Amino acid sequence: MKMMTPETEAELADAIANAEGPLAIQGGGSRGLSVAGVVLSTQGLTGVELYEPGALTLVVRAGTPVAEVEALLSAENQQLAFEPMDHRGLLGDAGTPTIGGVIAANVSGPRRIQAGAARDHLLGVRFVDGSGQVLKNGGRVMKNVTGYDLVKLMCGAHGTLGVLSEVSLKVLPRPEAAVTVAVEGRDLSSAVAAMSAALGSPYDVTGAAYDPDRSVAYVRVEGFSSSAAYRAERLVAELGRFGSTRLAEDSEAVWQGIRDVAAFHGRTGDVWRISVKPSDAVTLAPQLQAEALQFDWGGGLIWALVPEGTDLRARITVPGHATLVRASAETRARLGVFQPQPAPLAALSAGLRQQFDPRGILNSGLMG
Amino acid sequence: MQMPSPNPAILARKDALVARLAEVLPADAVIQDEAETRVYECDALTAYKCPPLLAVLPRSTQEVSDVLRICHEEGVPVVPRGAGTSLAGGALPTADCVILGVARMNEVLETDYDNRFIRVQAGRTNLSVSGAVEEEGFFYAPDPSSQLACAISGNIAMNSGGAHCLKYGVTTNNLLGVTMVMMDGSVVEIGGAHLDAGGLDLLGVICGSEGQLGVVTEATLRILHKPEGARPVLIAFDSNEVAGACVSDIIKAGVLPVAIEFMDRPCIEACEAFAKAGYPMCEALLVIEVEGSAAEIDHQLALIAEIARAHNPVELREARDADEAARIWLGRKSAFGAMGQINDYMCLDGTIPVSALPTVLRRIGELSKEFGLDVANVFHAGDGNMHPLILFDANKPGDLETCEAFGAEILKLCVEVGGCLTGEHGVGIEKRDLMLHQYSAADLEAQLRVKDVFDPKWLLNPAKVFPLSVTESRRGVVMSAA
Ligand SMILES: Cc1cc2nc3c(=O)[nH]c(=O)nc-3n(C[C@H](O)[C@H](O)[C@H](O)COP(=O)(O)OP(=O)(O)OC[C@H]3O[C@@H](n4cnc5c(N)ncnc54)[C@H](O)[C@@H]3O)c2cc1C
Ligand SMILES: Cc1cc2nc3c(=O)[nH]c(=O)nc-3n(C[C@H](O)[C@H](O)[C@H](O)COP(=O)(O)OP(=O)(O)OC[C@H]3O[C@@H](n4cnc5c(N)ncnc54)[C@H](O)[C@@H]3O)c2cc1C
């Protein structure tokens, strides 16, 4: 297989400008999204451009491994607050996830409900569009409304509008403590009600997930130790009406498991990721007829494990969208990885792709 | 400030246009009388005025769609308008445009506490969104100082911020979905009560697009439960550098206040003279607010005090009760009013990396001497968003021009040190001609191409955001279509 690994932004621009056919953009070389074309890897574009802990800003090249970024931040007691998942266990691969891949896929974990998604922490981008032009948008400061926000547009575009060469991120302090309250509920409906009550409380909940295999809802609070302890205590009391409540043993392991969908690791079948209004999860769950389910974001994020080849979208009757995260190439091609958009939005998206990648060579066909 | 000259062909067809609009709107929704269109001649950037050809005040998405379809067919430019509080001239009309005001669209459509969102018509004012959910203890987080007047639609178009955005983010971080009418009259729904709509992040690019991509008629907004309590502390320093270092140390220590406001000496003096909040006279003041239960607040304030003491503050004043808290905020909140008492003023809005604060304040001081105009600084110190207020005399010939030239130098300085031209007010006409200082021609072209997709005829608010010379050929399409 042919592969290009540019080591500078200028080389990246050359590679794209001179491409004669489709390019498959690859971050960490972990299992990609199987699009056709010459592999264009960002692994050569690594390194930290700037890190100012006192200003909560980090500027880093897109091919830098996520693990390196997290280690750097950790040394200053800071973190990526959007808590990106490590998808390797779920996808059964062993690549090295890159920060560019995380941003291109807008990967956000349990704390998304409180701190926002990856897109909410992305301050600026440098990228090369489909014609080989180097472009920038946003910057390195936290508030910036100068011109259109192409930063958001690039985040979650899965490389279809351009290849990111550098990203600026807002980072946040790592909380001193995290405490998790476990609510042993009766069923999904009471779990969603408990999570909803927690998320609608003044206690600034940073995680709310439900594991139906154990019939346990988990609610997380973070902050200074005394503060987290106090809030957890209040929640233990106030959530008592939804089931028996207690403090969970190993908070960090619980949330890592939820973030990475550990419950599905090593199990066969296709994996879908569905985003809905939290209370709709209650109606939707039985209709999915899944082999296994996991709920995050207070019920708003559903992970479903179904027999291979199942068209899960056909069973979804509520507003929202479903992404096919793990399936055979044949199933992905047949069902599409991403939820088809309503015609007017699909037309706008196609128009944007046409502007940024007129030759249609970047991850061609991936998003529509 | 240059504006494109009005298209005579459009001016000549005013009556025909009125007749067509009258077919789709009730009589009181079409405003054509010159005495009445004058109401819409400017926004809060009052130095620039121009009555529109017409104003329309629709009440529903359908009516907005009808208006846009007709204007699209007629090739008439449209300038959307919320409450007209833009400080950047975002809602400034041209003589050949239709002002489309959404102020009559102010209903609450749905409140859902279980799923923590509210859906409103976009003309509803910011404060009344919080007002609608207050009884249940909820609020809508972005809180621009203009929140009593400004509309959600304007907030979305400008991606407005507020005093508490260090913790809660700005509009884009709290917007879940919109109903938007495209220039050709078609209606699109983007996002909704679920998170992170699939596909490209269109919502992200619509927020902050200054009324150039579509007319937003409804919005789904995230609401939050209020914290148990909040309390400010005031810390005075004898130098800007030390105050800046203190802010950086607080953030590094892992305390994340909801607000860190900074005032320099000229600002403190003006506020003190105006509001008599009892501020100490010093070079730099910080007002820092934290939230939580009483014990949580005590804990955070103790940490902040410990860090501040290491920087030898002139004074450190904790609010012991609600009254003292109000007094601490009083001066800061009256900053703009205080300046207005002294003089006419222009409020700038650049953002800088927090570390560049001392350099930038020093340089602003030097520029102030060069231009011969006084300037006072208020600053969202946690996120680097500066609001230098330049004082001038509108009645003195040449003073406005000097003030604008001075302002432009400050904004260029913001870009030079790694920041940007505008942190929350938007580009409008005010910073339009400075865009090439921040972006290359290619970077701007990429943005224009986005507008090409949403509004191929360039009819929506076409004279804003980008230098006129850069958009000329595209706006030309407007003329030929007319
Ligand atoms: C089919 C599939 C669906 C997924 N869906 C989700 C999901 O919905 N939510 C979630 O949390 N995680 C999801 N993931 C996991 C997510 O992709 C990874 O966590 C993360 O992207 C790992 O980084 P990487 O460097 O290995 O990226 P890769 O796997 O190499 O790339 C991820 C995507 O980003 C693109 N990309 C990578 N680098 C760049 C760059 N510099 N510029 C532009 N584009 C780039 C790639 O073309 C690819 O489309 C999914 C993974 C797969 C395989
Ligand atoms: C005293 C004062 C204090 C202020 N404080 C702050 C502050 O703290 N933070 C801050 O961010 N801003 C502040 N502002 C600026 C201003 O209030 C904001 O920009 C506000 O969001 C504008 O809202 P509006 O409804 O008045 O919009 P308008 O002024 O009517 O319009 C602003 C822009 O929005 C567009 N627009 C309006 N409605 C629509 C629609 N339906 N669809 C598409 N586009 C539309 C217009 O075309 C225009 O480009 C302040 C202004 C004043 C006068």
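Since this is a predicted model, take the numbers as computed values, not measurements. (Residues numbered from 1 in each chain as written. Chains lettered and ligands numbered in written order. Predicted model: local features only at pLDDT ≥ 70, side-chain atom pairs only at ≥ 80, totals over all residues.)

**Side note on the overall build of chain B**
Part 1 of the argument: When its secondary structure is counted, chain B shows 18 helices and 18 strands.
Part 2 of the argument: Relative to the compact-globule value of 23 Å for 482 residues, chain B shows a C-alpha radius of gyration of 23 Å, a close match.
Part 3 of the argument: Expressed as lengths along the three principal axes of its C-alpha atoms, the size of chain B is roughly 70 × 55 × 40 Å.
Part 4 of the argument: Counting across all 482 residues of chain B, residues that qualify as buried make up 55%.
Part 5 of the argument: Relative to all contacts within chain B whose residues are 6 or more apart in sequence, the contacts with residues 24 or more apart total 73%. (Helix = DSSP H or I, 4+ residues; strand = E, 2+ residues; numbered from the N terminus. Rg over C-alpha atoms; globule rule 2.2 N^0.38 Å. Buried ≥ 20, exposed ≤ 12 C-beta atoms within 10 Å, placed from the backbone. Contact = placed C-beta atoms within 7 Å.)

**Points about the interface of chain B and chain A**
Part 1 of the argument: Every contact between the two is made by 74 residues of chain B and, on the other side, 67 residues of chain A.
Part 2 of the argument: When contributions to the side of chain B that touches chain A are tallied by element, the ones reaching two or more residues are strand 9 (187–191), helix 8 (202–206), helix 9 (240–252), helix 11 (294–309), helix 16 (435–438) and helix 17 (441–454) of chain B.

**Some remarks on the sheet that holds strand 7 (residues 122–128) of chain A**
Residues and elements named next belong to chain A.
Part 1 of the argument: An order of 4-5-9-7-8 is seen for the five strands of this open sheet, with the pairing classed as antiparallel. The strands lining the two open edges of the sheet, one partner per strand, are strand 4 (48–52) and strand 8 (134–138). Between one strand axis and the next, the sheet turns through 10° on average, direction left out of account.
Part 2 of the argument: Relative to strand 8, strand 7 is paired through five bridges, and the arrangement is antiparallel. Within strand 8, the residue paired with Val128 across the bridge is Val134. (Pairing = 2+ DSSP bridges. Axes fitted to C-alpha atoms, helices over the stretch in contact; angles between N-to-C directions.)

**Points about the site of ligand 1**
Residues and elements named next belong to chain A.
Part 1 of the argument: As a structural note, the neighbourhood of ligand 1 is formed by 31 residues, with Gly27, Gly28, Gly100, Gly101 and Gly159 the closest of them.
Part 2 of the argument: Those elements giving two or more residues to the shell around ligand 1 turn out to be strand 2 (23–26), helix 4 (99–104), strand 9 (163–170) and strand 18 (320–326).
Part 3 of the argument: By residue number, the principal contributor to the shell around ligand 1 is helix 4, which donates four residues. (Near = placed C-beta within 6 Å.)

**Some details on the environment of B:Ala319**
Residue and element names in this part refer to chain B.
Part 1 of the argument: Residue position: Ala319 is located in the loop between strand 15 (315–318) and helix 12 (322–333).
Part 2 of the argument: Taking C-alpha positions, Ala319 is 39 Å from Ala394, a pair spaced 75 residues apart along the chain.
Part 3 of the argument: If sequence neighbours within four positions are ignored, Ala319 has contacts with Arg231, Pro232, Val233, Glu324, Ala325 and Ile328.

**Some remarks on the pairing of strand 9 of chain B**
All names here are of chain B.
Part 1 of the argument: Here strand 8 (residues 175–181) pairs with strand 9 via five bridges, running antiparallel. Bridge pairing links Thr179 to Glu189 in strand 9.
Part 2 of the argument: With antiparallel pairing between neighbouring strands as the criterion, strand 8 and strand 9 make up a hairpin whose turn holds five residues, including Gly185 at a positive phi of roughly 100°.

**A short note on the site of ligand 2**
Residues and elements named next belong to chain B.
Part 1 of the argument: As a matter of local geometry, ligand 2 sits amid 37 residues, with Gly82, Gly90, Gly154, Ala157 and Gly211 nearest to it.
Part 2 of the argument: Within the residue set of the shell around ligand 2, elements represented by two or more residues are strand 3 (78–81), helix 6 (152–158) and strand 10 (215–222).
Part 3 of the argument: Per-element tally for the shell around ligand 2: the top contributor is helix 6, with five residues.
Part 4 of the argument: Two domains each provide a minimum of three residues to the shell around ligand 2, namely domain 1 (108–225) and domain 3 (343–437). (Domains from an automatic or database assignment.)

**Comments concerning the nonpolar core**
Part 1 of the argument: Counting residues in each nonpolar core, the largest one holds 207 residues, and the members touching the most others are A:Met154, B:Val78, B:Val98, B:Leu221, B:Leu286 and B:Ile390.
Part 2 of the argument: Residues contacting A:Met154, with those up to four places away along its chain left out, are A:Val125, A:Phe127, A:Leu161, A:Gly162 and A:Leu164.
Part 3 of the argument: Among the nonpolar cores identified, the runner-up in size contains 58 residues, and A:Ala208, A:Val254, A:Leu293 and A:Val306 belong to it. (Core = buried A, V, L, I, M, F, W, Y, C linked by C-beta atoms within 7 Å.)

**Observations regarding helix 12 of chain B**
All names here are of chain B.
Part 1 of the argument: Look at helix 12: 16 Å from first C-alpha to last across 12 residues, which is about the 16 Å you get at 1.5 Å a residue.
Part 2 of the argument: Listing the buried residues of helix 12 in full gives Ile328, Gly331 and Arg332. Angularly, the buried residues of helix 12 cover 110° about the axis, an arc narrow enough to put them on a single face. What points out from helix 12, more than 90 degrees from its buried face, is the exposed set Ala322 and Asp323.
Part 3 of the argument: Elements in contact with the buried residues of helix 12: strand 12 (230–237), strand 13 (259–264), helix 10 (265–275), strand 14 (284–291), strand 15 and helix 13 (335–342). (Expected span 1.5 Å × (residues − 1). Arc of directions from axis to C-beta.)

**Some points on unusual backbone geometry**
Glycine aside, negative phi is the norm for most residues, and most peptide bonds take the trans geometry.
All names here are of chain A.
Part 1 of the argument: Phi is positive for Asn77, close to 60°, though the residue is something other than glycine.
Part 2 of the argument: With respect to the secondary-structure elements, Asn77 resides in the loop between helix 2 (66–75) and strand 6 (78–79).
Part 3 of the argument: The exposure class of Asn77 is partly exposed, given the 14 C-beta atoms found within 10 Å.
Part 4 of the argument: For Asp204, which is not glycine, the phi dihedral falls at a positive 55°.

**Considerations on the domain arrangement of chain B**
Residue and element names in this part refer to chain B.
Part 1 of the argument: According to the domain assignment, chain B consists of domain 1 (108–225), domain 2 (230–335) and domain 3 (343–437).
Part 2 of the argument: Each of domain 2 and domain 3 was reduced to a C-alpha centroid, and the two centroids are 23 Å apart.
Part 3 of the argument: With 17 residues of domain 2 at the contact, the number on the domain 3 side is 14 residues.
Part 4 of the argument: Among the secondary structure elements, those contributing two or more residues to the side of domain 2 that touches domain 3 are helix 9, strand 13 and helix 10.
Part 5 of the argument: A per-element tally of the side of domain 2 that touches domain 3 places helix 9 first, with six residues.

**Brief notes about the sheet that holds strand 2 (residues 54–56) of chain B**
Residues and elements named next belong to chain B.
Part 1 of the argument: Taken together, four strands build an open sheet; the order of strands is 1-2-4-3 and the sheet is mixed. The sheet is open, and its two borders are formed by strand 1 (30–31) and strand 3, each paired with just one other strand.
Part 2 of the argument: Here strand 1 runs beside strand 2; their pairing, made up of two bridges, is antiparallel. Counterpart to Val30 in the pairing with strand 2 is Val56.
Part 3 of the argument: Lying on the sheet, helix 4 (residues 61–74) is in contact with strand 2, strand 3 and strand 4 (98–101); it crosses strand 4 at an angle near 165°.

**Points about the domain arrangement of chain A**
All names here are of chain A.
Part 1 of the argument: Under the domain assignment, chain A is made up of domain 1 (3–173), domain 2 (177–259) and domain 3 (262–335).
Part 2 of the argument: For domain 2 and domain 3, the distance between their C-alpha centres works out to 23 Å.
Part 3 of the argument: Counting residues at the interface gives 14 residues for domain 2 and 14 residues for domain 3.
Part 4 of the argument: Broken down by element, the side of domain 2 that touches domain 3 gets its largest block of residues, six residues, from helix 8 (residues 188–199).

**Some details on helix 1 (residues 9–17) of chain A**
Residue and element names in this part refer to chain A.
Part 1 of the argument: Among the residues of helix 1, Leu12, Ala13 and Ile16 are the ones counted as buried. When helix 1 is viewed along its axis, its buried side chains cluster within an angular range of 100° and face the same direction.
Part 2 of the argument: Summarising the contacts, the buried residues of helix 1 are in contact with strand 2, strand 7, strand 8 and strand 9.

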